[in-house]
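Here's the letter readout for the chains.
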Amino acid sequence: MKFSSFQFSQQELIEGQIILVDKPYEWSSFDVVKKIKLHLQKQYQIIKLKVGHAGTLDPLATGLLILATGKKTKEIQEFQSLSKTYQGTLKFGQTTPSFDLETPVNANYLFDHITSDLIIEKSKEFVGEQDQFPPIYSAIKKEGKRLYQYARNGKKTTLRARKISVEKFQINQIHMPSIHFTITCSKGTYIRSLVNDFGKKCDSGAHLIQLRRTHIGEYSVDDALKIQ
């Protein structure tokens, strides 16, 4: 992991700082927290330092992750409640159990009937408040277990819908069978689930093949720390 040394004082870190990080592909949010925490402890010679993140980002997604240190970790919920903006790419004609590239394709669908007009029309139906079922491959807990643990063990479980809100669902480019989009949405929204539902709305199937979080509230990935 390579990045410039942080320009804080030891006391500033303990009192609390907000650190913006551009999460790399295939890193979990916990991986980022662990690496940054170890680096800060070493650089500032702090034995104990609280570091947490405000909103999980899937390992296959990249982009903005907000970290808080010290006493600022108590304010994490305030950052979690902010709206999120993502740029992503979905692919029509195929679905996967995880709704993204984590798992292999499990079904194929026709998509020749899907026109640009249909895509634009159906995207408008996703704007506003709605109920959304989370993916079975997610970290949500049920009866003390993560949902992905049920999925990986081949066990079925009942999912509960959750209220979400989509402020914007913009179609940027259409190169069938893939489309590139921008979404601004509320806390708790799973873009993978939205993509899966969007495929159904278009009388086909779809899964997420690329996702990047660009904003959390007014915070931008353009101002984030790059990890290489």
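Our structure is the block above this text.
Residues numbered from 1 in each chain as written. Predicted model: local features only at pLDDT ≥ 70, side-chain atom pairs only at ≥ 80, totals over all residues. Heavy atoms only, no water.

Asker: I'm lost on the environment of Thr 85 in this one. Help?
Answerer: Here Thr 85 shows up in strand β4 (residues 84–92). For Thr 85, the side chain forms a polar contact with the side chain of Thr 184, separated by 2.9 Å. (Helix = DSSP H or I, 4+ residues; strand = E, 2+ residues; numbered from the N terminus. Polar contact = N/O pair within 3.5 Å; in protein donor to acceptor, adjacent residues only side chain to side chain.)

Asker: Looking at this structure, I do not really get the environment of Lys 91. What am I missing?
Answerer: With respect to the secondary-structure elements, Lys 91 resides in strand β4. Given the relative accessible area of 29%, Lys 91 is considered partly exposed. Residues Lys 91 and Gly 205 lie 114 residues apart in sequence; the distance between their C-alpha atoms is 8.4 Å. Lys 91 has contacts with Pro 177, Ser 178, Gly 205, Ala 206, His 207 and Ile 209, leaving out every residue within four places of it along the chain. (Buried < 20%, exposed > 50% of the residue type's maximum accessible area, 1.4 Å probe, protein only. Contact = heavy atoms within 4.5 Å.)

Asker: What's the story with the pairing of strand β1 (residues 18–23) in this structure? I'm lost.
Answerer: Each regular strand shows side chains that alternate between the opposite faces of the sheet. Burial analysis of β1 places 5 of its 6 residues in the buried class, which makes it a mostly covered element. Sheet analysis places β1 next to strand β3 (residues 62–69), joined by 6 bridges and oriented antiparallel. Note that in β3 the partner of Val 21 across the bridge is Leu 65. (Pairing = 2+ DSSP bridges.)

Asker: What exactly am I supposed to notice about unusual backbone geometry here?
Answerer: Leaving glycine aside, a negative phi is the common case for residues, and trans is the common case for peptide bonds. Here the residue pair Met 176 and Pro 177 is connected by a cis peptide bond, since its omega of 10 degrees sits within 30 degrees of zero. By the element assignment, Pro 177 lies in the loop between β10 (162–175) and β11 (178–185). Not every positive phi belongs to a glycine, and Gln 45 is a case in point at roughly 55 degrees. Within the secondary structure, Gln 45 is located in the loop between α2 (29–44) and β2 (51–53).

Asker: Any chance you could explain the packing of aromatic side chains here in plain terms?
Answerer: The description of two aromatic rings rests on the distance between their centres and on the angle between their planes. Using the criterion set out here, one finds 6 aromatic pairs in the structure. Both rings, one in Phe 126 and one in Phe 198, keep their centres 5.7 Å apart while their planes meet at 65 degrees; by these two values the pair is edge-to-face. Taken together, the residues Phe 126 in the loop between α4 (116–124) and β7 (128–132) and Phe 198 in helix α6 (residues 191–201) connect sequence positions 72 residues apart. Arranged with centres 5.9 Å apart and planes meeting at 85 degrees, the rings of Phe 169 and Phe 181 form a pair that is edge-to-face. Here the residue Phe 169 occupies a position in strand β10, and Phe 181 occupies one in strand β11, the gap between them amounting to 12 residues. What makes Phe 169 buried here is its relative accessible area of 8%. The exposure class assigned to Phe 181 is buried, which follows from its relative accessible area of 0%. (Phe/Tyr/Trp six-rings, centres within 6.5 Å; stacked < 30°, edge-to-face > 60°.)

Asker: Looking at this structure, how should I read the nonpolar core?
Answerer: Formed by 41 residues in total, the largest nonpolar core has its most connected members in Ile 36, Leu 67, Phe 92, Phe 169, Phe 181, Ile 191 and Phe 198. Ranked by the residues each element gives to this core, the list is headed by α2, at 5 residues. (Core = buried A, V, L, I, M, F, W, Y, C linked by side-chain atoms within 4.5 Å.)

Asker: So what exactly am I meant to see when it comes to α6 here?
Answerer: Since the α-helix packs 3.6 residues into each turn, any two residues three or four apart lie on the same face. Among the 11 residues of α6, 8 are classified as buried, and the element is accordingly described as predominantly covered. All buried positions along α6 are accounted for by Ile 191, Arg 192, Ser 193, Leu 194, Val 195, Asn 196, Phe 198 and Gly 199. Among the residues trailing α6, Asp 203 stands out with phi positive, at a value near 55 degrees.

Asker: Help me out: how do you make sense of the side chain of Ser 204 in this one?
Answerer: Within the element layout of this structure, Ser 204 appears in the loop between α6 and β12 (206–216). Take Ser 204: its relative accessible area is 7%, and that puts it in the buried class. Ser 204 has contacts with Gly 93, Tyr 109, Leu 110, Phe 111, His 113, Ile 114 and Gly 199, leaving out every residue within four places of it along the chain.

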